[in-house]
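Single-letter residue listing:
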Amino acid sequence: VSTQSTGKTSDHARLPAELKHINKQWYQRRVREFQTFQHYFKRINLRMASSPIESVVVHPLVLLSVVDHYNRIDKVSSQKRVVGCLLGSLRKGVLDVSNSFAVPFDEDDKDSDVYFLDHDYLETMYSMFKKVNAKEKIVGWYHTGPKLHPNDIKINEIFKNYCSDSVLVIIDAKPKDLGLPTDAYISVDEIHDDGTPTTRTFDHVRSEIGAEEAEEVGVEHLLRDIKDTTVGSLSQHLSTLVSALKSLHSKLDDISVYLGQVTEGTLPVNHPIIYQLQDVFNLLPNLNIPELMDAFTVKTNDQNLVMYTASIIRAVIALHSLINNKTSNRAAEKDGVKKIEVEKERLRERKRESESPIPGSDV
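Residues numbered from 1 in each chain as written. Predicted model: local features only at pLDDT ≥ 70, side-chain atom pairs only at ≥ 80, totals over all residues. Heavy atoms only, no water.

## Considerations on the overall build of the protein
On a plain count of helices and strands, the protein comes out with eight helices and nine strands. With 363 residues in all, the protein has 22% of them scored as buried. For the protein, the proportion of contacts with a sequence separation of at least 24, taken over those separated by at least 6, is 63%. Summing over all exposed atoms, the protein offers an accessible surface of approximately 27,100 Å²; the carbon and sulfur share of this is 58%. (Helix = DSSP H or I, 4+ residues; strand = E, 2+ residues; numbered from the N terminus. Buried < 20%, exposed > 50% of the residue type's maximum accessible area, 1.4 Å probe, protein only. Contact = heavy atoms within 4.5 Å. Areas by Shrake-Rupley, 256 points an atom, 1.4 Å probe, with all protein chains shown as cover.)

Next up, the structure:
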């Protein structure tokens, strides 16, 4: 088969160059994904090898103690954060932080290497706490942040002398955003791809607020004292819903910002985060199905009908009670007036009898 030379590059001649360009882009993309997975699994393996802690549960007593510590120091000093020791126990990967105590601490705002932590006070307080409850051991430390500080790694190394798997819990004493005021971290060795020596860094651990039955009763009593009696249950329910919606809105904003930065290339693609977001979106119902929309509408109408009927019944009962109260008050007023008139009439008769002369007596 003969071909004619036209002086222009044919499609067949241009195809290998395009394939090379496509293969190069595909190869670079695969390399970036492999490096991301390699870095992620390195951190996971280091974390599994170094610490068995999977989650941290902070009790309300610890939160109250930290807030009290912060408020006491804030009144007498210009210190931006306070530091203390956490006590608790580790059970099946869950660190239960049940108690805490304050530790004298001071630092230089300009130089992060200059700080003071009273070791003698820490050891003395722990020995006294150990006499009260021997099950509670040192599990880490806390500070009121509200973010990580440059010298936190060095302070964490000090607490590792008392606990090999020391946990740092940042408790925001004055939270501005909605959500949990706690963030937990453990220290891990970060391996660099360029062959430089490993460095210590913090890895985030899931944290939550938990309480035992006795603590729940105490917290409920505290909330009763704080509760505003002038506010009704409906307004409290609505305020709770509003705060929950604000928290959800802030989380959605964070997700939107993160995905935008990943799309622009500012942040690398983290596949575990993308998988979790995909799972969240898969749980959302598909509202484009007419049958589902009809079911939602019928369910909402039924609930609204029940609420409307209950409101009418409540109003009728309230009016009935008001009418009964007024009628009983009027009957009581009439009975009171009659008793007063009868009493006055008795007084008059007694007065007449006392003023009238006795028969047979001398006038």
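## Focus: the packing of aromatic side chains
The geometry of two aromatic rings is summed up by the distance between their centres and the angle between their planes. Overall, the coordinates contain three aromatic pairs when judged by the stated rule. Summarising the aromatic geometry, the rings of Trp141 and Phe159 are spaced 5.6 Å apart at their centres and angled 5 degrees between planes, so their arrangement reads as stacked. One end of the pair, Trp141, is in strand E6 (residues 137–143); the other, Phe159, is in helix H4 (residues 152–159), with 18 residues separating them in the sequence. Looking at Trp141, the relative accessible area reads 0%, which means it is buried. (Phe/Tyr/Trp six-rings, centres within 6.5 Å; stacked < 30°, edge-to-face > 60°.)

## Overview of a positive patch on the surface
A contiguous patch of positive charge on the surface is contributed by Lys326, Arg330, Lys334 and Lys338. Topologically, Lys334 is positioned in helix H8 (residues 290–355). For Lys334, a relative accessible area of 58% translates into the label exposed. (Patch = residues over 30% accessible without salt bridge, like charges linked within 9 Å, V, L, I, M, F, W, Y side chains within 5 Å. Salt bridge = Lys/Arg side-chain N within 4 Å of Asp/Glu carboxyl O. Lys, Arg positive; Asp, Glu negative; His and termini not counted. Charge placed at Lys NZ, Arg CZ, Asp CG, Glu CD.)

## Here we look at the environment of Val167
Here Val167 lies in strand E7 (residues 167–171). Aside from chain neighbours lying at most four places away, what touches Val167 is Ile53, Val56, Leu86, Leu95, Val139, Gly140, Trp141, Ala184, Tyr185 and Ile186.

## Concerning the nonpolar core
Grouped together as the largest cluster of nonpolar side chains are 20 residues, with contacts concentrated most on Cys85, Phe101, Leu117, Ile138 and Phe159. Once you skip the residues sitting within four places of it in the chain, Leu117 turns out to touch Val83, Val103, Pro104, Phe105, Ile155, Ile158 and Phe159. Formed by 18 residues, the second largest nonpolar core is a distinct cluster that contains Ile53, Tyr142, Ala184 and Val205. (Core = buried A, V, L, I, M, F, W, Y, C linked by side-chain atoms within 4.5 Å.)

## Describing the pattern of salt bridges
Pairing between side chains of opposite charge can happen when their charged atoms approach one another. A complete count under the given rule lists eight salt bridges for this structure. Residue Arg200 pairs with Glu157 through a salt bridge whose shortest N-O separation is 3.6 Å. With a gap of 43 residues between them, Arg200 in strand E9 (residues 199–209) and Glu157 in helix H4 connect regions that are remote in the sequence. Given the relative accessible area of 30%, Arg200 is considered partly exposed. Its relative accessible area of 32% is what places Glu157 among the partly exposed residues. Of the charged contacts, one joins Arg206 and Glu208 as a salt bridge, the two residues approaching to 3.1 Å between their closest N and O atoms. On the basis of relative accessibility, which here comes to 32%, the residue Glu208 falls in the partly exposed class. Taken together, the shared-partner salt bridges in this structure form one network comprising Arg81, Glu107 and Asp152.

## Points about the side chain of Ser166
Checked against the element boundaries, Ser166 lands in the loop between H4 and E7. Assessed through its relative accessible area of 2%, Ser166 is described here as buried. Of note is the side chain of Ser166, whose polar atom sits 3.2 Å from the side chain of Asn156. Apart from the residues within four sequence positions on either side, Ser166 is in contact with Val139, Gly140, Trp141, Asn156, Phe159, Lys160, Tyr185 and Ile186. (Polar contact = N/O pair within 3.5 Å; in protein donor to acceptor, adjacent residues only side chain to side chain.)

## Regarding the sheet that holds strand E1 (residues 55–58)
Backbone-to-backbone hydrogen bonds pair the strands of a sheet. The strands run either parallel or antiparallel. Spatially, the seven strands close up into a barrel ordered E1-E3-E2-E6-E7-E8-E9, and their pairing is mixed. This sheet shows a mean twist of 40 degrees between the axes of neighbouring strands, independent of strand direction. Pairing geometry for E1 and strand E3 (residues 94–103), over four bridges, is parallel. Paired with Val57 across the strands is Asp96, a residue of E3. Against the sheet, helix H3 (residues 119–132) makes contact with strand E2 (83–91), E3 and E6, and its axis sits at roughly 120 degrees relative to E3, the strand it touches most. (Pairing = 2+ DSSP bridges. Axes fitted to C-alpha atoms, helices over the stretch in contact; angles between N-to-C directions.)

## Observations concerning the pairing of E9
As judged from the four bridges shared by E1 and E9, these two strands associate in the parallel manner. The residue of E9 that forms the bridge with Val56 is Ser207. Here seven bridges tie strand E8 (residues 182–190) to E9, and the two strands are oriented antiparallel to one another. Its bridge partner being in E9, Ser187 is matched across the sheet by Phe202.

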